[in-house]
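Fold and contact review
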Amino acid sequence: MTLQLLNNEATTLGTDPCFEYTALDNLWRDIRGDQDNHDDDTLVEWNGWYRLYLNGENAQMSEWCVRDRRCGGGTGLYLNGSHPQLEDGVVTREILGYHLMGQCDEFRSTPIQIKACAGDYYVYKLVRPDESVHRPSYCAVAFDSISNDPCSNYESLDRPWRATNESGLYICDDSFSWKGWYRLFYNGMNIRMPESCVRAYSCNTVRSLWLNGPHPQIEDGVVTREVCGVESGCCDHISLPIRVKACPGNYYVYEFVKQSWCASYCIDVSTISPTASITTPAPVSAFDMTLYDDPCYDYTILDEQNRSPDDFFAVNNHIYGYDDTRIEWHGWYRLFINGSSAQMPEWCFSYMSCGGYSSLWLDGSHPQLEDGVVTRDVYGSVNDQCSYYRSDPIQVKACPGNYYVYKFTRPKPLIPAPAYCAVVVASPPSVDPCYSYNSLDEPWRADNTSTGDLSSSRCDYNVNWNGWYRLLYNGQSAQMPESCVGYGMCGTYHPLWLNGPHPQLEDGVVTRKVCSSTWNDCCGYKSHPIQVKACPGNYYVYEFVRPIYCAAYCAGEGDRCSELSCTEDERCEEEHGVYGCFCKDNHHSSQRGSFDFSETCESSSGSMSLSRCQLFEAGFPSDILHLNDPKCRGTVRNGRVEFYFDNNDHICGTSLVANGTHFIYDNFILGDSGSGHIIRRGKNLRIHFSCVYSQQTQSLSMDFNRLESIVHRILPAGQGTYRVRMIPYQDAEFTHPFTDSVNAELDSRIFVEVRVDGVDSRQFASVIDKCWATPVNDPHYSVRWDLIVDMCPSPNDIVELLQNGVSTSSRFSFSMFMFTTYFTKVYLHCAIHLCLQTDNHCSVHCDSEQGVREGRSVDFHDSTSISMGPFMMSDSNKGEQLPVFQVQVSRAPSLCASLMVLLISMMCPDILLDYFH
């Protein structure tokens, strides 16, 4: 232990201890500490006078009983009596110590000398304590300096639940951060702390705290009072002392400090003074918002991580001291958790879940955008009672961008330490979870499996949940129970079950509450709600999240045959402890080796299906099969296992290649029976399939007015169509197509779009190779006028190429004209080709001055012609009506344009089946 000697240059009296002392600054001497550092002041060579500090702040010896294992030693030593005044000079005081059996003043150590010094500090002539005392240590306490009169600088504390006639809850003040001075109220009326023994377990706490001594008079100024804690006797526990001051107006202010064990400061209902009241802010009405202040754009951000129920007290053994009755709420608020948009929960959370004692949640659903500002009730949870407290209602509004704003108000003071909860709500899945999930096959989750001893209890709080999960039991489909599961089942002490029915297929993704069983209640704890979806094939997927305490999700077996939904060509049987759909005798197909494989290719997607019963009998349950991407699994419909891919958000490991003559989509259906399944021979299944699209286009003459028959046509397996349309527009924005006829004057600008529908917009681009006009309906007629040549505007005309080779639409414009001699009609023809963007540079760059494209080559894929016409024009300059140029248009809704439809054959070759050990 190091003791530092301070030389004070201001003194000339070398013998005055106020100017010649040793500074003693050991933080472990603080009576607010709660640890035994095994320090022992009998081992220190004490010499002369000492001044006490704590972390550099002026301190003094404690005048109050200090319980054991404080101040760093085994026995805390404190002063028997008050400190002297300046005029008293040097005085002698007895030193006492707390006995391990809970008795104050049991130990008496060697007395010491004390002197009060100018500057409001003390010096002590410390000596070696009596060696009969168990590891004694001198205790120190530091009080904050008072810069402003606390009678006019305090925080109002209106907590009716602290009353001496209240009980039933166990609220602990050691969970809250006390800072400064407080004035006590009871529902707006003046009240004070009790000065005598309080009944055990009163004031809604474990140890009820009361003032061991009278309140001061005004002339006493600030005084220090000992605080007693009641458990079985009147003063079983000596708490930390507090400072008190009497104020004009017959009230008191208290400097509360944080306790080190579960206790709460009490208020004495016998001291209520009805004449004194607290001034509270006037409530803000719903009509205070002007028409020009939209709360969706004028709000305060409230981003406090501890408002999330993720940090539940049962896991972390503490709460964060939130008390929303102490906040001056003003205006509207938007909730965030760690920067992620959040909202109030619409379901109950257990108490002490959101940083405070009572967890506040919204009673009812959030509004829709069209609802505007609505009012919702707010409830607070205590213990296992969801709606124990009802707070004041709040206003809520839904905002564009899928978030909400809240007009929070101060909760009722009757609610113990309430805190508004905030949860991050899962966004809708971007990929169908029925095709993309994780299998969870852990037999210990079964609802008929007992936990056993404590060491084997499972806890999903420690699992890094990510995404969606399908429950299995020994390879068979399972689901969460919908009714109470007994305490200690499912491999855990607190099993989690679904508090509500599973959805139907048509319900899509739904949210369900989750209950946890305790030893005396089926739904003693409420965990986070989860999302659930019903899938084709009679199974469910769940978006599991981390529970807010040590618990585990249960898996119920249910009626296996009912869950499988075998068809009339199948029968449900058990084999090796596993249920499945076997083929009936009349369903044994000659194509059994390929599992009745069938395939459909359409545009940029493909689907495949196989016989479920044939797969199962061969040792491949449907739930172990997947495409190249293991997350893309099959679904069961009508006894067939179906797989699907597309080129949007469900690629599933599909590859696309071009070999010069065809575009080919490739994928595999894969499966590994492994061990523990039906046949137990460790088979592997590998089925290769492909969708092949010819790059050879074919022109097909069609009646333009029969577009609907093409759009709504049912395509046979393995075939489909690409549709190419040529559409004339009146404007450069391509928003107003011509209808019925082109009423355009000579030399006016016409805008043309050539669009390809039904192809992969991410993979392909269309390229106009050339466009020309003829006076008759023959693209090969000898009289012609070129508009686009070699993918660039013709140098012989004023043609603007607006877009070519960058998407599935190409655009250009030209000035309307007519042929000379006796021709009165114009027909427009264009040759196009498709370009695979992943392999080639499809965009076209032309030199505007010379009208020729740059040297970079584009891969041609057998161009074909598309025609439109005839055009017949009018020349208003001559005042003479020419024959009208008729444009044949489609009568389909929203598609008024002349077009040519091109069919591109789509072929599905024979599948390649690898079926081996």
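Keep in mind that what you see is a predicted model, and the values were worked out from it rather than measured.

Attention now goes to the state of the cysteines. Enumeration according to the criterion identifies 19 disulfides in this entry. Each sulfur of the disulfide joining C515 and C523 lies 1.8 Å from the other. Disulfide C515-C523: the torsion about the S-S bond is -70°, which places it as left-handed. In terms of burial, C515 and C523 fall into one category: buried.

Read from one edge to the other, the open sheet built from four strands follows the order β39-β40-β42-β41, with strand pairing classed as antiparallel. Each edge of the open sheet carries a strand with a single partner, namely β39 (598–602) and β41 (635–637). Sheet twist, expressed as the mean angle between neighbouring strand axes with direction ignored, is 25°.

Judged by nonpolar contacts, the single largest core of 57 residues is most densely connected at I669, F812, F814 and L828. The element contributing the most residues to this core is strand β54 (residues 826–836), with six residues. Formed by 52 residues, the second largest nonpolar core is a distinct cluster that contains Y252, Y265, M352 and Y357.

Here we take up the pairing of strand β13 (residues 182–186). β13 sits mainly inside the fold: five of its five residues count as buried. Neither face of β13 is open: one carries Y182, L184 and Y186, the other R183 and F185, and all of them are buried. Note: strand β12 (residues 155–158) against β13, four bridges, orientation parallel. From the neighbouring strand, S156 faces β13, where its bridge partner is R183. In the sheet, β13 pairs with strand β18 (residues 251–255) via two bridges, with the strands oriented antiparallel. Within β18, the position partnered with R183 by the bridge is V253. As paired strands, β13 and strand β14 (residues 189–190) are joined by two bridges and run antiparallel to one another. Each bridged residue has a counterpart across the sheet, and for F185 the counterpart in β14 is N190.

Of all residues in the chain, 78% have pLDDT values of 70 or greater, and the mean over the chain is 77. Counting interchain partners and residues more than four positions distant, the pLDDT-below-50 stretch residues 313–317 has nine contacts. Note that residues 850–862 has pLDDT below 50 and, in this model, 39 contacts with residues that lie over four places away or in other chains.

Before going further, it helps to examine the sheet that holds strand β53 (residues 809–815). Sheet architecture is open: four strands sit in the order β47-β48-β53-β52, paired in antiparallel fashion. Two strands bound the open sheet, and with one partner strand each, they are β47 (723–729) and β52 (799–803). Each strand of the sheet is rotated relative to its neighbour by a mean of 20°, with strand direction disregarded. Pairing of strand β48 (residues 749–757) with β53 involves seven bridges; the strand directions are antiparallel.

One number sums up the size of the largest pocket: a volume of about 1,400 Å³. Forming the boundary of the largest pocket are 46 residues, of which A142, F143, D144, S145 and R243 lie nearest the centre. Those elements that provide at least two residues to the lining of the largest pocket are β4 (57–58), β8 (107–117), β9 (121–125) and β16 (222–230). Element by element, the count of residues in the lining of the largest pocket is highest for β16, at four residues.

Moving on: the side chain of S766. Within the secondary structure, S766 is located in strand β49 (residues 764–774). Taking the relative accessible area as the measure of exposure, S766 reaches 2% and is therefore buried. Within the structure, the side chain of S766 is placed 3.3 Å from the backbone oxygen of T808, a separation counted as a polar contact. The contact partners of S766, leaving out residues within four places of it in the chain, are V754, V756, N804, G805, S807, T808, S809, S810, H833 and L834.

Time to look at the packing of aromatic side chains. The tally for this structure, following the rule as stated, stands at 36 aromatic pairs. Plain terms: the ring middles of W329 and Y420 are 5.6 Å apart, the flat faces sit at 85° to each other, and that makes the pair edge-to-face. In this pair, W329 sits in the loop between α1 (313–316) and β22 (333–337) while Y420 sits in strand β28 (residues 418–420), placing the two residues 91 residues apart along the sequence. Neither residue differs from the other here; W329 and Y420 are each classed as buried.

Here is what the cut-offs are and how they apply
- Residues numbered from 1 in each chain as written.
- Predicted model: local features only at pLDDT ≥ 70, side-chain atom pairs only at ≥ 80, totals over all residues.
- Heavy atoms only, no water.
- Disulfide = S-S within 2.5 Å.
- Buried < 20%, exposed > 50% of the residue type's maximum accessible area, 1.4 Å probe, protein only.
- Pairing = 2+ DSSP bridges.
- Helix = DSSP H or I, 4+ residues; strand = E, 2+ residues; numbered from the N terminus.
- Axes fitted to C-alpha atoms, helices over the stretch in contact; angles between N-to-C directions.
- Core = buried A, V, L, I, M, F, W, Y, C linked by side-chain atoms within 4.5 Å.
- pLDDT = per-residue confidence, 0-100.
- Contact = heavy atoms within 4.5 Å.
- 1 Å grid on protein atoms, 1.4 Å probe; cavity = no way out; pocket = protein on both sides within 12 Å on 5 of 7 lines; lining within 4 Å.
- Points joined across faces, edges and corners; volume = space filled by probe spheres on them.
- Polar contact = N/O pair within 3.5 Å; in protein donor to acceptor, adjacent residues only side chain to side chain.
- Phe/Tyr/Trp six-rings, centres within 6.5 Å; stacked < 30°, edge-to-face > 60°.

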